[in-house]
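As a plain string of letters, each chain reads:
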Amino acid sequence: MIGRDLLCIDDLTREEIGTILETAEHMREVAARDVKKVPTLRGRTIVNLFFEASTRTATSFEIAGKRLSADVVNFSTRSSSLSKAESILDTARTIDAMDPDAVVVRHNVAGVPKRIADVLEVPVINAGDGAHAHPTQALLDLFTVQKEKGRIDGLTVAIVGDIAHSRVARSNIAGFQKMGAEVRVAAPPTMIPAGVEALGVKAYPSVREALDGVDVVMMLRIQLERFAGALFPSIREYSATFGLDREKLRYARDDAIVMHPGPVNRGVELSHDLADRRPSVILDQVRNGVALRMAVLYLFSGRPPGQSALDGNSGGD
Amino acid sequence: MERFILKGGRVLDPASGYDGVADLRVEYGRVAAIGADLPVEDAEVMDVSSQWVTPAFVDIHTHLREPGQEYKEDIASGGRSAVAGGFGTIACMANTEPVNDDPSVTDFILDRARQDSPARVHPIAAATKGLKGEVMTEMVALVEAGAVAFSDDGKTIMDTGVARRVMEYSRLVQVPVIVHAEDRTLVGDGVVNEGSVSTRLGLPGNPGLAEAVHVSRDIQLAELTGAHVHIAHVSTGAAVEMVRVARERGIRVTAEVTPHHLALTDEATLGFDTNTKMAPPLRGQADMEACRAGLADGTIDCIATDHAPHAVHEKDVDFCEAPNGILGFETALPVVLDLVRTQEMAPLELVRRLTEAPARIISRPCGTLAIGAAADIAVFDPDRRWVYDPAKGYSKSQNSPWAGQELTGRVTYTFVDGRLVFDVERGVLAP
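Predicted model only: the values in this text are computed from it and were never measured. (Residues numbered from 1 in each chain as written. Chains lettered and ligands numbered in written order. Predicted model: local features only at pLDDT ≥ 70, side-chain atom pairs only at ≥ 80, totals over all residues.)

### Description of the overall build of chain B
Then, number 1: Along its length, chain B carries 15 helices and 19 strands.
Then, number 2: Overall size of chain B, expressed as C-alpha extent along the three principal axes, is 65 × 45 × 45 Å.
Then, number 3: For chain B, with 431 residues in total, the buried portion stands at 61%.
Then, number 4: If you take every contact in chain B between residues at least 6 apart in sequence, the share linking residues at least 24 apart comes to 74%. (Helix = DSSP H or I, 4+ residues; strand = E, 2+ residues; numbered from the N terminus. Buried ≥ 20, exposed ≤ 12 C-beta atoms within 10 Å, placed from the backbone. Contact = placed C-beta atoms within 7 Å.)

Right under this line is the structure:
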C-alpha cells in the first residue's frame, strides 16, 4: 500500500483491509501508553488539505499523524471562497511543491481527491468527498465492529438515514460487503438514490423491517438545514418514522450495537439516551478512528527501510 | 483552382441517392459533373481513390462564443475547426455576450464570418430577449438580418405560455424553433445522468425524465401551433419514442443527436473527468442504443455536434462547478462512422444525416452535390487511424473526452465554394 492513494474502499482488497485493521489494533496500544508517541513517521510531513469545514475528522487525522511523530500541517479553507482565488488543482500543486509525504484531502464535491491524486505524486488520502466516499470512516467502522463482534463475515448491518447524500453510507456499504457482511438500507424514498441496487443493497421503507434480526444498526446524520421540508416534511415526522429509540431497536438482535458517524442530531435520528449509552458505541468509533488513521498514514505514506511500526518509545520533536 | 477533378473516390450524394466510384468535376466553385472517367481537359486532378467524397457536412448546433467569450473560441477559430472536421456550413447558437437577440448582433456575426471563417456561418437568434424565457425577440427583423432559426439553447423556456406564443409567432417567419428540452425543476443541481453511475459517484443526478417531460410538452405545442419544432440533442429513449409517434401523426417536429450521445455512456464519467460533463448528460446504455436506433431509422433527422468550447481553466475545477459542454467538430466524423462500421447504418444514410438532412431543417441550399450546387465538399478516408490531440486542433479550447485517443476516419480535404479550405497535410488554408 506504500505510496498508493486511498480514495475509496474499492481501492483495497479484502486482505489489505485485514492488514489495515490489524495494524490499527497495534496502534491502539500506543494510545494506552504514558507517552502517546512513536517515532515511526519522524521527519515526514503530512498536509491536511481541508476544503470543507471539519473539526472531527481533521482533529482525528492530526492526532494520528502527531502520535506517529509526523509533522502535521493543516491547510483548511472553505471551497467557496477559495474557488474565486485559485483553482483547487493550483492549491494542490502549491502544496505539492512544498514536498509533503502525504496529503489528506476533504472537499464537499465528489471526485476532488481523485482529481488531486491525478496530479500529485505523493499519496492522497481521501478524508471525505461530497456524497462519494469516506474510506477511513468505513475502515474505522469495520474496526469497531470487528472489536465488538469478533468478526465481520456473516453479520447483517442496517444503515438508516439519508443514503442518497451520504459518503459514509457508500463507503460502509462497500466495506462491509467486501468483508462478507450483508448490508440493508432504510430511508424515506426521497433519500434512496436512483439505482441503489447497483450498490448491492436492498432498500427498506420501514425501520422495523430493515432492523429485523440485524447485528449492527448504523444511523446517519440528517442535514436538517439542507433537507428539512425538501426531502421529508418535518423533523417530527422523520424522527417518528426513521429516528432510532429503544422501542424500535427491539426489532434488531438482542446483542445489536448502534453506530453513528457523528455529530448526532439528538432527538432526530437518535434518541437522547441511545446516543449516550450502550448498545451505542459512538465514542468507541471516535477512539478507534485515531488508531485506524494512524494505521492508514503509516501503511500509505511509507515506513523507513528496516524500521518496524512501533520501534522506540517516544518521538519527541 | 478554377477547374478541378476529384478522381476515383467513392462519391456519396444523399440528395440524389448516388453512391458509387466516380470522378467529380468542379468549375468556378460549382459542381459541374459526376461520372466515371471524366475527361481531364484543362482541369487539375486530385487523386482521391479509396476515399469518400461527400457534400461538406452541415452542423446546425454550435457555440462559436463570439461576441463576448473570445478566450474560449471566436468565429475565426470555430470556422477553422469546423472545416478541419469536414464541416462547410455551421449554425451558431445565440448564447453569446451580448446575446444574439437583436439584428445588430446577427449582423456582427455575419460580418465576422465573411471576413474570418472558412466555413459558412448561419446565426441562430434567441427565441426570447436575453434568453430569459419571458419576452419574444423581433423574429421578423432577425430573419431579415439572416437568422435561420430561433433558440434559447442552454436554457429551457420553462413558462409554457411563453413557449406557446414563441412557437405561434414563429409561423410568421417560417423558421424552426430549436428547443433545449430539460425541465429545470427536475434537473435541480444534477450534473450527471441519474442512475447507477450518479449513485456510485455520489454526484447529484439529472434524470432522463427532465428531457422527456419537455419533449412531450413541446411536441404538443408543435401540434397546437403548427410551428416547426426542432428538438436539440436528444439523449433518451423516451424522447426518441415520442418524436417517432409525433412524426407518424404528422406533427412538424424534427430532432438531432450529438456524436457523444451516440458513442458514450455515463460510465465515461466514472473518473470524474469534467470533459464528460454536458447538458443533457451522457446517459445509460439503453438510452444510447435508442438514440443510435432512432438515428438509423430516421426518427432523428440529423447529427449536430453541440460544439461547446470552454477554456482549460474553466474545466480544471471540481465536477459540480465545471461548465457544460465539449468540443465537437474535429472528432465528429470518426465517432459517428462507428455506426457504419457496426452496419447499423448504410454509408449513404449516415452521410445524409450529416449533410442533406440538417441543411433541410434550416432550409439552406447546402449539403448536396447536385450539378450546379456550390462545391462544398468533404473528402475523407474512413479507415485512416489517427490520435486526436486537441492542443494541435484548431479550436481555442481543448475540452474533449477523446483527447489522446486513437480514432478511425479522418477528413483529408474540405472545399467551400470550390476553394480548398482544409488539407490534412497542410492544415486550414483560408481565409
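### A closer look at the overall build of chain A
Then, number 1: Across its full length, chain A holds 13 helices and nine strands.
Then, number 2: The globule rule puts the C-alpha radius of gyration for 317 residues at 20 Å, and the 19 Å found for chain A is close to it.
Then, number 3: Taking the principal axes of the C-alpha coordinates as reference, chain A spans close to 50 × 45 × 30 Å.
Then, number 4: Burial analysis of chain A (317 residues in total) assigns 49% to the buried set.
Then, number 5: Within chain A, residue pairs in contact and separated by at least 24 positions form 76% of the contacts whose partners lie at least 6 positions apart. (Rg over C-alpha atoms; globule rule 2.2 N^0.38 Å.)

### Some remarks on the pairing of strand 8 (residues 120–123) of chain B
Each regular strand carries side chains that alternate between the two faces of the sheet.
All names here are of chain B.
Then, number 1: A two-sided burial pattern is seen for strand 8, the buried positions comprising R120 and H122 on one face and V121 and P123 on the other.
Then, number 2: As paired elements, strand 7 (residues 87–92) and strand 8 share four bridges and run parallel to each other. The residue bridging A91 from the neighbouring strand is H122, located in strand 8. (Pairing = 2+ DSSP bridges.)

### Focus on the domain arrangement of chain B
Residues and elements named next belong to chain B.
Then, number 1: Domain annotation for chain B reports domain 1 (3–53 + 373–428) and domain 2 (56–361).
Then, number 2: Placing the centre of domain 1 and that of domain 2 at their C-alpha centroids yields a distance of 25 Å.
Then, number 3: Tallying the contact residues gives 32 residues for domain 1 and 41 residues for domain 2.
Then, number 4: Listed by contribution, the elements that provide at least two residues to the side of domain 1 that touches domain 2 are strand 16 (377–387), strand 17 (406–416) and strand 18 (419–423). (Domains from an automatic or database assignment.)

### Focus on helix 2 (residues 103–116) of chain B
Residue and element names in this part refer to chain B.
Then, number 1: The end-to-end C-alpha separation of helix 2 is 20 Å, in line with the 20 Å expected for 14 residues at 1.5 Å each.
Then, number 2: Those residues of helix 2 that sit buried are P103, V105, T106, I109 and A113. The buried residues of helix 2 occupy an angular sector of 160° when the element is viewed end-on, so they sit on one face. Looking at helix 2, the residues exposed on the side facing more than 90 degrees away from the buried face are S104, D111, R114 and Q115.
Then, number 3: Summarising the contacts, the buried residues of helix 2 are in contact with helix 1 (75–84), strand 7, strand 8 and helix 3 (139–145). (Expected span 1.5 Å × (residues − 1). Arc of directions from axis to C-beta.)

### Focus on the nonpolar core
Then, number 1: Counting residues in hydrophobic clusters, the biggest one holds 125 residues, and the most contacted among them are L24, I124, F150 and I231 of chain B.
Then, number 2: Taken together, domain 1 (3–53 + 373–428) and domain 2 (56–361) of chain B each give at least three residues to this core, which thus spans both.
Then, number 3: Beyond its immediate sequence surroundings of up to four residues, L24 of chain B is in contact with I5, L6, V11, V31, I34, V53 and L369 of chain B.
Then, number 4: Core analysis: the second largest hydrophobic core is formed by 109 residues, M27, L49, A102 and A110 of chain A among them. (Core = buried A, V, L, I, M, F, W, Y, C linked by C-beta atoms within 7 Å.)

### Notes on the environment of A138 of chain A
All names here are of chain A.
Then, number 1: Residue placement: A138 occurs in helix 6 (residues 135–149).
Then, number 2: Sequence separation between A138 and C8 is 130 residues, and the spatial gap between their C-alpha atoms is 9.5 Å.
Then, number 3: The residues touching A138, leaving out its near neighbours within four places in the chain, are I9, S171, N172, A174 and G175.

### Overview of the domain arrangement of chain A
All names here are of chain A.
Then, number 1: Segmentation of chain A into domains returns domain 1 (9–133 + 285–301) and domain 2 (135–281).
Then, number 2: On a C-alpha basis, the centroid separation for the pair domain 1 and domain 2 is 25 Å.
Then, number 3: Facing 23 residues of domain 1, the contacting portion of domain 2 comprises 22 residues.
Then, number 4: For the side of domain 1 that touches domain 2, the secondary structure elements donating two or more residues are helix 1 (14–31), strand 4 (124–129) and helix 13 (282–301).
Then, number 5: Per element, the largest residue contribution to the side of domain 1 that touches domain 2 is seven residues, and it comes from helix 13.
Then, number 6: Of the residues that constitute the side of domain 1 that touches domain 2, the class distribution is 11 nonpolar, seven polar and five charged. (Nonpolar A, V, L, I, M, F, W, Y, C, P; charged D, E, K, R; others polar.)

### Details of the interface of chain B and chain A
Then, number 1: At the junction of the two partners, chain B supplies 18 residues and chain A supplies 22 residues.
Then, number 2: With five residues, the top contributor of residues to the side of chain B that touches chain A is helix 6 (residues 196–201) of chain B.
Then, number 3: When grouped by side-chain class, the residues that make up the side of chain B that touches chain A number six nonpolar, seven polar and five charged.

### Section: the packing of helix 2 (residues 56–67) of chain A against helix 13 of chain A
Residues and elements named next belong to chain A.
Then, number 1: Running from amino to carboxyl end, helix 2 crosses helix 13 at an angle of 60°, the nearest separation of the two axes being 8 Å. One element, helix 2, and the other, helix 13, form an angle in the oblique class. The handedness of the crossing between helix 2 and helix 13 is right-handed. Packed against helix 2, whose contacting residues are S60, F61, I63, A64, G65 and R67, the element helix 13 presents G289, V290, R293, M294 and L297 at the interface. (Axes fitted to C-alpha atoms, helices over the stretch in contact; angles between N-to-C directions. Parallel < 35°, antiparallel > 145°, perpendicular 65-115°, else oblique. Left-handed = near helix turned anticlockwise from the far one by under 90°.)

### Structural notes on the packing of helix 1 of chain A against helix 6 of chain A
Residues and elements named next belong to chain A.
Then, number 1: Direction vectors running N to C along helix 1 and helix 6 enclose 70°, while the axes themselves pass 10 Å from each other. With respect to helix 6, the axis of helix 1 lies roughly perpendicular. Seen from above, helix 1 lies across helix 6 with right-handed handedness. Between helix 1 and helix 6, the residues in contact are I17, I20, L21 and A24 and L139, L142, F143 and Q146, respectively.
Then, number 2: Grouping the constituent residues of the contact of helix 1 with helix 6 by class yields seven nonpolar, one polar and no charged.

### Overview of the sheet that holds strand 4 of chain A
Residues and elements named next belong to chain A.
Then, number 1: Strand order in the open sheet formed by four strands is 2-1-3-4, with parallel pairing between adjacent strands. Only two strands of the sheet have a single partner each, and these edge strands are strand 2 (71–76) and strand 4. Strand after strand, the sheet turns through a mean of 15° between neighbouring axes, direction not considered.
Then, number 2: Examined bridge by bridge, strand 1 (residues 45–50) and strand 2 share six bridges and lie parallel to one another. When the bridges of strand 2 are listed, L49 appears paired with F75.
Then, number 3: Contacts from helix 5 (residues 112–119) reach strand 3 (102–107) and strand 4, with the element oriented near 160° to strand 4.

### Quick look at the sheet that holds strand 9 (residues 257–259) of chain A
Residues and elements named next belong to chain A.
Then, number 1: Across the sheet, five strands lie side by side as 7-6-5-8-9; this open sheet has parallel pairing. Only two strands of the sheet have a single partner each, and these edge strands are strand 7 (202–204) and strand 9. Adjacent strand axes in the sheet meet at a mean angle of 25°, parallel and antiparallel pairs treated alike.
Then, number 2: Taken together, the three bridges between strand 8 (residues 216–219) and strand 9 define a ladder with parallel strand orientation. Residue M218 lies in a different strand from strand 9, and its bridge partner there is M259.

### Things to note about the pairing of strand 3 (residues 30–35) of chain B
Residues and elements named next belong to chain B.
Then, number 1: Both strand 2 (residues 18–27) and strand 3 contribute to a ladder of five bridges, which runs antiparallel. Following the sheet pairing, E27 is matched in strand 3 by R30.
Then, number 2: Between strand 2 and strand 3, which follow one another and run antiparallel, lie two residues, and Y28 among them has a positive phi close to 50°.

### Comments concerning the confidence of the model for chain A
Then, number 1: A residue-level look at chain A finds 92% of positions with pLDDT of 70 or above and a mean pLDDT of 91.
Then, number 2: Below pLDDT 50 for its whole length, residues 312–317 of chain A participates in 12 contacts with residues either more than four positions away or in separate chains. (pLDDT = per-residue confidence, 0-100.)

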